[in-house]
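# Survey of secondary and tertiary structure
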Amino acid sequence: MSESNTVTVSIENAIATVTLNRPAKRNAMSPTLHIEMADALEKLRYEKSARVVVITGAGESFCAGMDLKQFFVELKDNPPEFDRIFRVATEWRSRTLRYYPKPTIAMVNGYCFGGAFAIVEGCDLAFAAKEATLGLSEINFKHYPGGSVSKALANLLRPRDALFYAMTGRTFNGDRAAEIGFVNAAYPLADLKKEVMALAQEIASKDPDALAATKDGYRFSLEMSAEAALNFAAAKSDQLSMRQKDSWRSEGIGDFLEGKYRPGLGGHKAPAE
Ligand code: COA
């Protein structure tokens, strides 16, 4: 593995932008990229200056999926290494992103194929350029949405849309991605970054512990019985009160009761770091 800097991270105004950085290869995910991404996400998890994480691609692509050469062909005769990279690749796109303690946003700026769908699904929110081209191309090379991709499709898309695109390999644009609920919205490429960063700023102004609880409440209750979800929610509330030193009650509700703001119409400002 002679590559490096396949992932870059910059932090500005509390927003970390994580960029898949192999533009000459359309940001296809090589083994090195998977390892560097796992490492970047691990560091950002504890980076206090980063409240929201935006994932995007360098140049004109978001991500062309798995690096078909470096992963599927070159590791074919090395099962232990294939297994190691497969585990890292699956872990960061599914479990790490799904249960990440900070809000995550996929900014799909261009080509988005195959394994890249798992990145988009793993993020809490996603936005695409209207001009982006997306597709489940696996069937076109005689394969199928493997790894965590099938589960990502099942989580997010309606059955008809998931199977239609997985069985035809047809491409679709950002508007269609929004229409089928794969992304929240599509914007002209020229506006995409501005729109996503404005939303990221809005979310970054919320209380970080409350955001983490919001994510956990949603993500984990999907996997629980109603009884377990209620029990989990009660425990989560206690955890939140402890982490915030009860400020949701004293400031969040207290400031409303003193007439300082209206929570129905806007947020209490997050404490500055
Ligand atoms: N794996 C490995 N290499 C890839 C790649 C991938 N998924 N996607 C692109 N590349 C490489 C190409 O091999 C080429 O390398 P080279 O310059 O050394 O020859 C380079 O990136 C540029 O690709 P190219 O096809 O010339 O660019 P393009 O802009 O004409 O087309 C794509 C871009 C993404 C449409 C096309 O490369 C493609 O179909 N890639 C495969 C997408 C795919 O099926 N992904 C699913 C994987 S799970």
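Read on for an overview of the structure.

Moving on, we come to the sheet that holds strand β8 (residues 133-135). Strand order in the open sheet formed by four strands is β4-β6-β8-β9, with mixed pairing between adjacent strands. Edge positions in the open sheet fall to β4 (61-63) and β9 (171-173), since each of these has one partner strand only. Along the sheet, successive strands turn relative to each other by an average axial angle of 20 degrees, direction set aside. Where β8 meets β9, three bridges bridge the pair, whose relative direction is antiparallel. For Thr133, the partnering residue across the bridge sits in β9 and is Asn173.

Counted under the stated rule, the structure contains 19 salt bridges. In this structure, Asp124 and Lys215 form a salt bridge, with 2.8 Å as the shortest nitrogen-oxygen distance. A residue pair is termed long-range when its members are at least 10 positions apart, and Asp124 in the loop between α4 (116-122) and β7 (125-129) and Lys215 in helix α9 (residues 208-221) qualify at 91 residues. For Asp124, a relative accessible area of 27% corresponds to the partly exposed category.

Taken together, 14 residues surround the ligand, and among them Lys25, Ala64, Met66, Leu68 and Ser137 come closest. The contact in question runs from an oxygen atom of the ligand to an N or O atom on the backbone of Ala24, over 3.4 Å. In this structure, a nitrogen atom belonging to the ligand sits 2.8 Å away from a main-chain N or O atom of Leu68. Burial of the ligand by the surrounding chains reaches 59%, relative to a free accessible area of 860 Å².

Rules used in this analysis
- Residues numbered from 1 in each chain as written.
- Predicted model: local features only at pLDDT ≥ 70, side-chain atom pairs only at ≥ 80, totals over all residues.
- Heavy atoms only, no water.
- Pairing = 2+ DSSP bridges.
- Helix = DSSP H or I, 4+ residues; strand = E, 2+ residues; numbered from the N terminus.
- Axes fitted to C-alpha atoms, helices over the stretch in contact; angles between N-to-C directions.
- Salt bridge = Lys/Arg side-chain N within 4 Å of Asp/Glu carboxyl O.
- Buried < 20%, exposed > 50% of the residue type's maximum accessible area, 1.4 Å probe, protein only.
- Near = heavy atom within 4 Å.
- Polar contact = N/O pair within 3.5 Å; in protein donor to acceptor, adjacent residues only side chain to side chain.
- Areas by Shrake-Rupley, 256 points an atom, 1.4 Å probe, with all protein chains shown as cover.

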